[in-house]
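An overview of the molecular structure
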Amino acid sequence: MRGADGGGRVLREWIVSDGIVETERRQGWPRRSRVTTPVETERKVVTVVFADIAASTELSGRLDPERFREVMSAFFDASSELIESLRGRVEKYIGDAVMAVFGLPHTHEDDAVRAVRAGLAIRDRTARLGEELGVGPLPVRVGIASGPVAALTEPGPTDQFFVSGATVNLAARLQQAADRGEVLVSETTRQLARDAVG
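Residues numbered from 1 in each chain as written. Predicted model: local features only at pLDDT ≥ 70, side-chain atom pairs only at ≥ 80, totals over all residues. Heavy atoms only, no water.

So, helix α3 (residues 111-133)
Rules: Helix numbers and strand numbers start at the N terminus; a helix is a DSSP run of H or I with at least 4 residues, a strand a run of E with at least 2. Each helix should span, by expectation, one fewer than its residue count multiplied by 1.5 Å. Only protein chains enter the calculation, and the probe is 1.4 Å; a residue is then buried if its accessible area is under 20% of its type maximum, exposed if over 50%, and partly exposed in between. Should any heavy atoms of two residues lie within 4.5 Å, those residues are considered in contact.
The first and last C-alpha atoms of α3 sit 32 Å apart over 23 residues, in line with the 33 Å expected at 1.5 Å per residue. Burial in α3 covers these residues: D111, A112, V113, R114, A115, V116, A118, G119, I122, T126, L129 and G130. Turning to α3, the residues buried within the fold contact β5 (41-53), α2 (65-85), β7 (97-102), β8 (140-152), β9 (183-185) and α5 (187-193). The positive-phi residue at the C-terminal boundary of α3 is G134, with phi of around 75°.

As structure tokens, then:
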């Protein structure tokens with residue numbers, strides 16, 4: 001993105017490998033010495049899903065670190081498989097949570113419907129996963145929100161679109177507010193998905 005500040009100097013945003021966005025206040029190289037690429041963003045209407053294992057803190061306390069890592073890897077693998085099978089895109093893993101986006105790189109009429117189906121499938125699959133792994137129930141909390149976001153026009157170096165905006169924050173808050181085993185959706189998502197998902 002390019003623009004000019006009050007003094008007429010050229011401003012350019014750059015994204016570095018770890019996702020930090022920097023502003024360059026003069027033409028030339030960014031202040032950091034890392035390899036960078038210009039950021040081009042666009043506004044998209046998407047549906048964002050956050051899902052996490054509700055009992056991960058207590059689970060990590062009763063399992064050794066290697067076993068806990070196995071359980072989390074199995075959760076991430078199962079979640080990713082379900083999300084991708086419904087044409088969603090895993091955006092990132094954050095601690096014990098997975099964040100996914102439906103509607104990137106292309107928007108579809110049924111993005112919200114597929115996102116809700118993915119949330120329900122993750123909840124059900126993870127409940128069975130705990131038993132299969134012999135660690136007992138693995139209840140998840142899922143939050144889903146639909147709306148406008150800012151996203152890169154092409155995936156960055158880590159294959160992420162670096163989605164941001166109020167819709168992402170709302171999905172995260174819904175996930176945090178959900179009870180164990182619950183899928184909470186925003187009003188917009190409910191309106192978009194109500195005819196297809198009971």
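Focus: unusual backbone geometry
Geometrically, the link from L104 to P105 is a cis peptide bond, its omega value of 0° lying close to zero. Looking at the element boundaries, P105 is found in the loop between β7 and α3. Phi at R87 is positive, roughly 65°, even though this residue is not glycine. With a relative accessible area of 47%, R87 lands in the partly exposed category.

Some thoughts on α2
Relative to the 30 Å expected for 21 residues at 1.5 Å per residue, α2 spans 30 Å between its end C-alpha atoms, a close match to the ideal helical length. Along α2, the residues classified as buried are F68, V71, M72, A74, F75, F76, A78, S79, S80 and I83. Its buried side turned inward, α2 meets β5, α1 (56-62), β6 (89-94), β7, α3 and β8.

Remarks on the packing of aromatic side chains
Rules: Two rings belonging to Phe, Tyr or Trp (six-membered ring only in the last case) form a pair when the distance between their centres is within 6.5 Å. Interplanar angles under 30 degrees mark stacking, angles over 60 mark edge-to-face geometry, and anything in between is tilted.
In the structure shown here, the tally under the stated rule is two aromatic pairs. Ring geometry for F75 against F76: centres 5.5 Å apart, planes inclined by 45°, an arrangement best described as tilted. Each member of the pair F75 and F76 is classed as buried. The interplanar angle of 50° and the centroid separation of 4.6 Å between the aromatic rings of F76 and Y93 together place this pair among those described as tilted. Here F76 is found in helix α2, whereas its partner Y93 is found in strand β6, with 17 residues between them in sequence. Through pairs of rings, three or more aromatic residues link up here, namely F75, F76 and Y93.

Considerations on the pattern of salt bridges
The condition that has to hold: Any carboxyl oxygen of Asp or Glu that lies within 4 Å of a side-chain nitrogen of Lys or Arg is treated as forming a salt bridge with it.
Enumeration over the complete set of coordinates arrives at nine salt bridges. The partner of R180 in a salt bridge is E58, with the nearest N and O atoms 3.3 Å apart. Note that R180 is positioned in the loop between α4 (166-177) and β9 and E58 in helix α1, a separation of 122 residues in sequence. Each member of the salt-bridge network shares a partner with another, and the members are R87, D110, D111 and R114.

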